[in-house]
Amino acid sequence: MTANGWLFSAKLAWSNQVFRWASILAVASALVMSGFFLWHVFPAAREHGTFILHYNVYLGIDEVKSWSWVFLPPLVWFGLTLLDVVLAFGIYQADAFFAWSLLVLAVAWAFPWSVALFFLTYINV
């Protein structure tokens, strides 16, 4: 797909009001929750020099990394959401159903990611 083809598809998708607001919701939720996570966890991780990356209810804390790993979970979430939305906008003209599926996926996985980041915040702070 050329850049002009992607741009035309993106303009077509952006003209659909529900598609536009769903994409804004997906990206905004990733940004807001990532900001909340970093705002609370970054100072604590920097102060202690460690970051708890994974917690298991059966085993407890099972993965402790250096403080710089605090950026990994929000970057992964935001990167995957952004990739998903960009693909949805690019595919909209050729296959609107698949584009809607990608966008619904981006909105739907905001809840599990938010819960995961909330519990990582709870464990680290």
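Further up the page is the structure itself.
Residues numbered from 1 in each chain as written. Predicted model: local features only at pLDDT ≥ 70, side-chain atom pairs only at ≥ 80, totals over all residues. Heavy atoms only, no water.

Asker: Sorry, what's going on with the pattern of salt bridges here?
Answerer: Pairs may arise between side chains of opposite charge once their charged atoms sit close together. With the rule as written, the count across this model stands at one salt bridge. Of the charged contacts, one joins Glu 63 and Lys 65 as a salt bridge, the two residues approaching to 3.6 Å between their closest N and O atoms. You can call Lys 65 partly exposed: its relative accessible area is 26%. (Salt bridge = Lys/Arg side-chain N within 4 Å of Asp/Glu carboxyl O. Buried < 20%, exposed > 50% of the residue type's maximum accessible area, 1.4 Å probe, protein only.)

Asker: Can you help me understand the packing of helix α3 (residues 72-91) against helix α5 (residues 110-124) in this one?
Answerer: Closest axis-to-axis distance for the α3/α5 pair is 11 Å, and the angle between their directions is 170°. When the interaxial angle is binned, α3 and α5 end up roughly antiparallel. In contact with Pro 73, Val 76 and Trp 77 of α3, α5 contributes Ala 110, Trp 113, Ser 114, Leu 117 and Leu 120. Along the lines of polarity and charge, the residues of the contact of α3 with α5 split into seven nonpolar, one polar and no charged. (Axes fitted to C-alpha atoms, helices over the stretch in contact; angles between N-to-C directions. Helix = DSSP H or I, 4+ residues; strand = E, 2+ residues; numbered from the N terminus. Parallel < 35°, antiparallel > 145°, perpendicular 65-115°, else oblique. Contact = heavy atoms within 4.5 Å. Nonpolar A, V, L, I, M, F, W, Y, C, P; charged D, E, K, R; others polar.)

Asker: I tried to follow the side chain of Ser 9 on my own but got confused; where do I start?
Answerer: Mapped onto the fold, Ser 9 is located in helix α1 (residues 3-14). Residue Ser 9 is classed as buried on the basis of its relative accessible area of 0%. Residue contacts for Ser 9: discarding those within four places in its chain leaves Phe 89, Gly 90, Ile 91, Tyr 92 and Gln 93.

Asker: I'm lost on the environment of Ser 66 in this one. Help?
Answerer: Following the sequence through the fold, Ser 66 ends up in strand β2 (residues 60-66). For the pair Ser 66 and Thr 50, spaced 16 residues apart in sequence, the C-alpha to C-alpha distance is 4.5 Å. For Ser 66, the contacting residues outside a window of four places in its chain are Gly 49, Thr 50 and Phe 51.

Asker: Sorry if this is basic, but what is going on with helix α2 (residues 17-48) here?
Answerer: What sets the pattern is the α-helix's 3.6 residues per turn: residues three or four places apart point alike. End to end, α2 covers 46 Å across 32 residues, agreeing with the expected 46 Å (1.5 Å per residue, within 8%). Of all bends in α2, the biggest is about 35°, found at Val 41, and the proline Pro 43 comes one to four residues later. Against the buried residues of α2 lie α1, β1 (50-56), α3, α4 (96-108) and α5. The N-capping residue of α2, defined by a side-chain oxygen 3.2 Å from the backbone nitrogen of Val 18, is Asn 16. At the exit of α2 stands Gly 49, carrying a positive phi of roughly 80°. (Expected span 1.5 Å × (residues − 1). Bend = angle between axes of the 7 residues up to and from the residue. Polar contact = N/O pair within 3.5 Å; in protein donor to acceptor, adjacent residues only side chain to side chain.)

Distances and angles like these do not, on their own, reveal function.
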